[in-house]
Amino acid sequence: AKCVDIALSSCTDVAYTQTMYPNFLDQKSREVIEYSSEYILISVLHNLLQGECNPDLRLLGCSVLAPQCEKDKVIKPCRHVCENLRKNCLPAFDAIDMAWPYFLDCDRFFAGEEEGCFDPLSKLRGEVDVEEDLPSDLPATFIQFKHHSYSQMVSILKKTASKCSHIATTYSIGRSFEGKDLFVIEFSTKPGHHELLKPEFKYIGNMHGNEVVGKELLIYLAQYLCSEYLLGNPRIQTLINNTRIHLLPSLNPDGYELAAEEGAGYNGWVMGRQTAQNLDLNRNFPDLTSEAYRRAEIRGARLDHIPIPQSYWWGKVAPETKAVMKWLRSIPFVLSASLHGGELVVTYPYDYSRHPMEEKMFSPTPDEKMFKMLAKAYADAHPVISDRSELRCGGNFVKRGGIINGAEWYSFTGGMADFNYLHTNCFEVTVEVGCEKFPLEEELFTIWHENRDALLNYMEMVHRGIKGIVSDKFGNPIKNARISVRGIQHDVTTAADGDYWRLLPPGTYLISAQAVGYSRVMKRVTLPAKMKRAGRVDFVLRPVEAWPSKLLRRSMEDVYDPYDPLELFDPHAQHGQPEARGGSPPGREKPWWWSYFSSLDLHKPLWLLKQ
């Protein structure tokens, strides 16, 4: 047998060019493979799992069906790659009631590194991209102001985390539709762990793939935080020592690739904006704002921690959107900003108008004063946004101080900022960082210097208001206790360790804490105008023997359902189909995905059916 070119349409993007027949399954030709149930499976997996674990699974399958061939010798794929993928992706198969494919048996068809194997996913990791060789004598503060490809971005983040390994780490919150990791770099004195009373902060860039400035700013910011911390910059050291910071430079790497094909300087308003699924991520989140407006008319109803409606899951949910929602559930974020492009202004919730037919209508949240304070913290520290000239980018917003309520600018539903505020404790604003969405490289240095202090100033705002611990009389933390502020119809809840953070502008407040089974405790708190750190307000709750059923219902109505689809998400369920909600129709012995293999008469994949 000799090496031959790969001619399988579902395997054309593997990291090698030649294979050999028969393959590991003893399939002796391309035609036999193409009509096999194994090949049909890898061809439709992206549909069955709605992008989850793909294209990883498809490439892994290709490495078995069309293994790499060099010098007329077949090379097996690496076992550790298979094992990692099986660990991460098995829940996705369980969710659609499908068994793990036999031909992805990590022991049978894969080899250890000592045997000489290849990584079939290397192309996804950006490890094959050749980087420029930089001089070895560059100063520690050196930042290369350029546009970064996906692989270059990953490399920079990993190198930065390695350089500052005592305060930084990288992790992925999930994958894009085309399989790229959504990489985050984190800065903290204990990377990878939440610390008691230390607030969690995040920046998200490149939500729209063609709006690239936010992505580059966060890559530069990561390098800046690392080098300045090592140099002993007191402002940066104080920030990192007291805050856990998460930077996600690119939420839409698939869209970025499309925009990058047009090149810098092309001020495209559409190309690459959406994901590979043709979804606008900032319209893809659940519409909780409409529900908040409905609740606002009900006395005593809370405008916080609103559950995701079941009908939302009947629509098309991007894996990127799902990844962010699960990220928000896993970390008790306090403050956030999403960096966009196309204007020069800071907007804040709500982004959806109180009256749906009104495209431009001031629609404030209960925390209007705090949101204005947050928006101004960025705008006032930005030399161009704070410039009083109206004959410039963003000049339309000069009389407003460079900030505007989102719905008053233009109304839209399904936005990420409204979702943060109404589903979690997190306050998020949107920063439009410039009128050019994809500027030339020579402009990036100036853009960085215009935004650097604003980025830092906004992060420091996470320390405004109050923070504390809610516990019982024995000192045991109370999770999901509600922290209420009289006059503000929006509560925050305590994290797993009983700690909380409540952003508030200066003033005097009546703050109360309550939890199911405990009596409510109220305190009067005054925050001076010059106070720039969170005041410590702890609560000790005492148990009550009889808990009024009315209060119990109100306290529990918005607690996340333990069977929430976000946690047990079936990415390709029959959303909205009558039989899914009615009785069991006849012929249910085979799962819904069985129809994908209807063209196979004698060789249907019984090995995919769970016993």
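Every value quoted in this text rests on a predicted model; they were computed, and no experiment measured them.

## A word on the packing of helix α6 (residues 213-230) against helix α7 (residues 234-242)
- Running from amino to carboxyl end, α6 crosses α7 at an angle of 110°, the nearest separation of the two axes being 8 Å. Viewed along their axes, α6 and α7 adopt a mutual orientation that is roughly perpendicular. In this structure, α6 uses Tyr224, Leu225, Glu228 and Tyr229 to contact α7, whose residues at the interface are Ile236, Gln237, Ile240 and Asn241.
- The residue inventory of the contact of α6 with α7, partitioned by class, reads five nonpolar, two polar and one charged.

## Some remarks on the environment of Lys316
- The topology assignment puts Lys316 in the loop between α9 (289-296) and α10 (319-330).
- For the pair Lys316 and Gln277, spaced 39 residues apart in sequence, the C-alpha separation works out to 9.2 Å.
- Setting aside its immediate chain neighbours within four residues, Lys316 contacts Gln50, Gln277, Leu279 and Asn284.

## Considerations on the UniProt feature "active site" (unreviewed entry) in the protein chain
- According to UniProt, the feature "active site" (unreviewed entry) maps to Glu432 in the numbering used here.
- The residue Glu432 is located in strand β12 (residues 427-434) in this model.
- The class for Glu432 is buried, based on a relative accessible area of 7%.
- The residues touching Glu432, leaving out its near neighbours within four places in the chain, are His340, Gly341, Gly342, Glu343, Leu344, Val345 and Trp409.
- Here Gly341 takes part through its backbone nitrogen, which lies 3.4 Å from a polar atom of the side chain of Glu432.

## Concerning the state of the cysteines
- Applying the stated criterion across every chain yields a total of seven disulfides.
- Disulfide partner of Cys53: Cys89, at an S-S distance of 2.1 Å. Looking along the S-S bond of the Cys53-Cys89 disulfide, the torsion reads about -105°, which is the left-handed sense. With a gap of 36 residues between them, Cys53 in the loop between α2 (37-48) and α3 (56-65) and Cys89 in helix α4 (residues 79-95) connect regions that are remote in the sequence. In this structure, Cys53 and Cys89 share a single accessibility class: buried.
- Linked covalently through their sulfurs, Cys82 and Cys106 form a disulfide whose S-S length is 2.1 Å. Across the S-S bond of Cys82 and Cys106 the torsion is about -75°, and the bridge reads as left-handed. One end of the pair, Cys82, is in helix α4; the other, Cys106, is in the loop between α4 and α5 (150-163), and 24 residues separate them in sequence.

## Regarding the sheet that holds strand β6 (residues 181-187)
- One open sheet accounts for eight strands, arranged β5-β6-β8-β7-β9-β12-β10-β11; its pairing is mixed. Every other strand in the sheet has two partners, leaving β5 (168-175) and β11 (403-405) as the edge strands with one partner each. Averaged over all pairs of adjacent strands, the angle between their axes in this sheet comes to 25°, without regard to strand direction.
- Bridge analysis of β5 against β6 gives six bridges, and the strand direction is antiparallel. By the bridge assignment for β6, Tyr171 is matched with Val184.
- Taken strand by strand, α5 contacts β5 and β6, and its axis lies near 25° from that of β6.

## Structural notes on the packing of helix α11 (residues 368-380) against helix α14 (residues 444-460)
- At a closest axis distance of 7 Å, the pairing of α11 and α14 adopts a crossing angle of 155°. Relative to α14, the element α11 lies roughly antiparallel. Once α11 is placed against α14, the crossing between them reads as right-handed. Packed against α11, whose contacting residues are Leu374, Ala377 and Tyr378, the element α14 presents Asn451, Ala454, Leu455, Asn457 and Tyr458 at the interface.
- When its residues are assigned to classes, the contact of α11 with α14 shows six nonpolar, two polar and no charged.

## Overview of the nonpolar core
- In this structure, Phe187, Tyr203, Leu221, Leu247 and Leu374 are the most contacted members of the largest nonpolar core, which totals 98 residues.
- Counting residues per element, this core draws most heavily on α6, at 11 residues.
- The residues that make up this core include at least three from each of domain 2 (202-463) and domain 3 (466-548).
- Excluding its chain neighbours within four sequence positions, the residues that come into contact with Leu247 are Phe183, Val184, Ile185, Phe187, Tyr203, Leu218, Leu221, Ala222 and Leu225.
- With 51 residues, the next largest nonpolar core counts Val44, Ile96, Phe118 and Trp593 among its residues.

## Examining the packing of aromatic side chains
- Taken as a whole, this structure holds 30 aromatic pairs when the rule is applied.
- Ring geometry for Phe103 and Trp607: centres 5.9 Å apart, planes at 90°, overall edge-to-face. Placement of Phe103 in the loop between α4 and α5 and of Trp607 in the segment after α16 (578-581) is noted, with a sequence separation of 504 residues between them.
- On the basis of relative accessibility, which here comes to 0%, the residue Phe103 falls in the buried class.
- When the ring of Tyr421 is compared with that of Phe427, the centres are 5.3 Å apart and the planes differ by 90°; the resulting orientation is edge-to-face. Considered together, Tyr421 and Phe427 belong to a single accessibility category, that of buried residues.
- What links up through ring pairs into an aromatic cluster is the set Tyr293, Tyr348, Tyr350, Phe371, Tyr421 and Phe427.
- The positively charged end of Lys202 is found above the aromatic ring belonging to Phe333, 5.4 Å away from the centroid.
- The ring of Tyr256 has Lys215 sitting right over it, with the charged end atom 3.3 Å from the ring centre.

Rules used in this analysis
- Residues numbered from 1 in each chain as written.
- Predicted model: local features only at pLDDT ≥ 70, side-chain atom pairs only at ≥ 80, totals over all residues.
- Heavy atoms only, no water.
- Axes fitted to C-alpha atoms, helices over the stretch in contact; angles between N-to-C directions.
- Helix = DSSP H or I, 4+ residues; strand = E, 2+ residues; numbered from the N terminus.
- Parallel < 35°, antiparallel > 145°, perpendicular 65-115°, else oblique.
- Contact = heavy atoms within 4.5 Å.
- Nonpolar A, V, L, I, M, F, W, Y, C, P; charged D, E, K, R; others polar.
- UniProt positions renumbered as here; feature names shortened; annotations may be inferred.
- Buried < 20%, exposed > 50% of the residue type's maximum accessible area, 1.4 Å probe, protein only.
- Polar contact = N/O pair within 3.5 Å; in protein donor to acceptor, adjacent residues only side chain to side chain.
- Disulfide = S-S within 2.5 Å.
- Pairing = 2+ DSSP bridges.
- Left-handed = near helix turned anticlockwise from the far one by under 90°.
- Core = buried A, V, L, I, M, F, W, Y, C linked by side-chain atoms within 4.5 Å.
- Domains from an automatic or database assignment.
- Phe/Tyr/Trp six-rings, centres within 6.5 Å; stacked < 30°, edge-to-face > 60°.
- Lys NZ or Arg CZ within 6 Å of the ring centre and 35° of its normal.

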